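Below are the chains, spelled out letter by letter.
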Amino acid sequence: MIHHERVKPPPHIYPPDEWNLIEKKFHPPAIEMTETIFAIGNGYLGMRGCGEEGVPAVQNGTFVNGFYESWPIVYGEEAFGFARTGQTIVNVTDTKKIKLYVDDEPLYLPSANLLNYDRRLNMKSATLDREILWETPSGKQVHIKSRRLVSFPHRHIGAISYEVTVLNAEAPVVLSSEMLYLHDHQKGNGDPRQAKGLLDRTLHPRKQIAKDRRVVLCHSTKNSNMTLACGMDHDLVTDCAYTVQDKCYEDFGATVFSIEAKPGIPIRLFKYMTYHTTDTASPEGLCARAERSLDRALGQGFPRILADQEQYMHEFWQRSDIQVSNLDPKRAKRSNIEIQQAIRFNLFHILQAAGRADTTGVPAKGLTGQAYEGQYFWDTEIYLLPFLIYTSPSIAKNLLMFRYRMLDKARERARELNQKGAMFPWRTINGEEASAYYAAGTAQYHINADIMYALRKYIQATGDENFLNEYGAEMLIETARLWSDLGFYSEDHDKKGKFCIHGVTGPDEYNTVVNNNTYTNLMARENLQYAVSTMETLREQKPEIFAALVSKTGVEMEEIKEWRRAAENIYIPYDENRGIHPQDDFFLEKELWDLKSTPPEKFPLLLFFHPLVIYRYQVIKQADIILAMFLIGKELSPEQKKRNFDYYDPLTTGDSSLSSCIQSIVASEIGYVDKALEYARAALLMDLADVGGNVKDGCHIASMGGTWMTMVYGMAGMRDFDGILTFKPRRQPDQPAKIRFPLTYHGQILDVEMGPEGARYALREGDGLMIRHEDEELHLSPEVPIITRPIVTWPAM
């Protein structure tokens, strides 16, 4: 069920366009929303979509992935093993400001006479472009054209091209290019999804440099001991006379250009920005790195940086784009353009969140806002990695490597929880658990299995056995150890001899600290089985690697046998009378929540009801059993899936953005076509229509990954349970919809198209691969690069 009203931006201001997000008029009511959706970033550096003028702004923000301040978590009552230290991403120094004055009058959009206004997020070039025609109070017309980017090829660089032309008169023009650190006191206002807010000053000045149009400011945090150096440099191109002045203080720097503008003579300012962070280098060393980046940016110039960006984006879209047509035949052509725009918007923001994360994770909001403290969750492995594995496997590998690097801290965390093996943190930036509410945080042990699930998908899709041998196997050992230690063999009469797991929380955070959560038990079994098969294969085929793992981890064959026994005997709840899988041992004994009688303004429930009230009812925040049916669908029959969906779908509130995409995929599989489209539309428009009501706090990056899954796993019916791409698409009679997308598989590129003519599989690059259509094996090769097959039609409803 979906209980949230959707925002419908005025179409004359926000016209649909397949490759751009367009704003045709300065529209103050949408400032909060557009600051998020017009944000740009590269996975390392992110800037919210505020204007260069700096005001008006509601949540102006610039973020560097992994740059955080830590703070002590204060509990009213302490307990052993509670998380001790929180982490919050820092809103760092803002370098994108360029203030414009004509006749000493500032450009201030709310009161300016704007004869023309066009702003667009260009998803082909990954730039934020704006063009304005401003008439000053004295009648002078000023044309302003800007282009902002955060570079993908050059990870530490951002750049702005800012062009001003006074069209009909001479005028004194001032361009004040500024950088400012302003401590952000923003607090969560009772919404646990928002950032905590740091009351004390976060960044403390360490060093400042100002010379020859260049300013570098260096700050450090107090508790996390991290250092930030950011800088800006400039190149001004004009035939008009001008002077330059540099200013620099501890938290502020400016390069001010005073220009005698002539009619029709353009003034072009190129601004280059850089950000570097460290927890080891000195302020002097970090500033030197920043200056080297600025030297390189100046040497390359804006046209070259832009050309590199456009080439990067061309390659991204070549391997990632999803093209659709007639997806919603009941609606006008405009609707189909909106759908195509929304698909690309979602994929584009995933890239902006993950593209150059390199050595970090992906925050829940990417780098578009501070909500969820800029921390990393299971979202990455379950919702983002499928898209990245099949389109940008090198990025997926980096994210898995990031998990491996926190393995030692995960081992420490397991000891704090009195467990063997390793326990990955539910939410973190630096690898330490930062969840203060253990019931909906630490108790979500399934994150271990989620990470291993993603590891397996990556290995199967890429064939990267070296990664498995060098890094993945060690994680499998430690996660299997935790499951083996966490569970026990029950003596209960109806579970006798079964391996049970108690005191855990599944994906649904409205039911916490439960026994035998079905999702958790199924995923734990997958984790244990993969650990067993990997270790047995290494022992038989690569004994030297197995010996090295034994030496490093102390793993023994008896231990591996115990993992197999646990996996074979794990308890999977099933209610014979209802023919469904209970979400946990006691879920079906609870009273049903009357969702139909709950007013829309009382959603999400977590903001209006005490957790203990919610925990007493059969009510679901997000897909739990339904998610298990998607991830491990081979374990359940079609009839079981349908019965489970029929029971759990009406209980699901939609209070989490992670739910709609999964509900859509499973609805597609069981033949609920209209419901699948309804949920797909909610996932697709989660941010563009503000379905969750909180897009102002940042994009829902996981739901964006879910959008890709909705198209590929839902519409196209792809499954990859055994590592072989299998397609079982279904369509309604006379359905004209068509979808086309590429997949990268074992270093080869497969183009898939589903439409009224059937399914078409084309090998774009590679020596050959085998896929399945329904149960038929198809062998594609350079000699037979294209194979078509008919699509099964659902019976008319």
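Here the structure is shown first, and the text comes after it.
Let me begin by describing the structure that accompanies this report. (Residues numbered from 1 in each chain as written. Predicted model: local features only at pLDDT ≥ 70, side-chain atom pairs only at ≥ 80, totals over all residues. Heavy atoms only, no water.)

1. Observations regarding unusual backbone geometry
In step 1: In this chain, V55 is followed by P56 through a cis amide linkage whose omega measures -5°.
In step 2: Here P56 shows up in the loop between β3 (45-47) and β4 (62-64).
In step 3: The peptide bond linking F603 to P604 adopts the cis configuration, its omega dihedral lying at -5°.
In step 4: We note that A126 has phi near 60°; this positive angle belongs to a residue other than glycine.
In step 5: In this fold, A126 is placed in the loop between β9 (113-122) and β10 (127-135). (Helix = DSSP H or I, 4+ residues; strand = E, 2+ residues; numbered from the N terminus.)

2. Looking at the sheet that holds strand β16 (residues 227-238)
In step 1: One open sheet accounts for nine strands, arranged β1-β9-β10-β11-β12-β19-β16-β15-β14; its pairing is antiparallel. For this open sheet the edge positions go to β1 (20-23) and β14 (203-211), each flanked by a neighbour on one side alone. With strand direction ignored, the average angle separating the axes of adjacent strands in the sheet is 15°.
In step 2: Where strand β11 (residues 141-150) lies against strand β12 (residues 157-166), nine bridges are found, and the strand directions are antiparallel. Residue pairing for β12: V150 is matched across the bridge by G158.
In step 3: Here helix α2 (residues 283-320) sits on the sheet in contact with β10, β11, β12, β14, β15 (214-221), β16 and β19 (267-278), set at roughly 135° to β19. (Pairing = 2+ DSSP bridges. Axes fitted to C-alpha atoms, helices over the stretch in contact; angles between N-to-C directions. Contact = heavy atoms within 4.5 Å.)

3. Concerning the side chain of K365
In step 1: Tracing the chain through its elements places K365 in the loop between α3 (333-354) and α4 (379-391).
In step 2: Although K365 is buried, it forms no salt bridge, and the closest oppositely charged side chain is D687 at an N-O distance of 5.8 Å.
In step 3: Here the side chain of K365 touches G698 through a polar contact of 3.4 Å, landing on its backbone oxygen.
In step 4: For K365, the contacting residues outside a window of four places in its chain are A371, Y372, N694, D697, G698, C699, H700 and I701. (Buried < 20%, exposed > 50% of the residue type's maximum accessible area, 1.4 Å probe, protein only. Lys, Arg positive; Asp, Glu negative; His and termini not counted. Salt bridge = Lys/Arg side-chain N within 4 Å of Asp/Glu carboxyl O. Polar contact = N/O pair within 3.5 Å; in protein donor to acceptor, adjacent residues only side chain to side chain.)

4. So, the environment of Y510
In step 1: On the secondary structure map, Y510 appears in the loop between β22 (499-500) and α9 (518-541).
In step 2: Given the relative accessible area of 3%, Y510 is considered buried.
In step 3: Sequence-wise, Y510 and D358 are 152 residues apart; in three dimensions their C-alpha atoms are separated by 34 Å.
In step 4: Non-local contacts of Y510, meaning those with residues more than four positions away in its chain, are made with P604, L605, L606, I614, Y615, V619, I620, K621, T653 and D655.
In step 5: In this structure the side chain of Y510 is engaged in a polar contact, spanning 3.4 Å, whose partner is the backbone nitrogen of L605.
In step 6: Within the structure, Y510 has its side chain in polar contact with the side chain of D655 (distance 2.6 Å).

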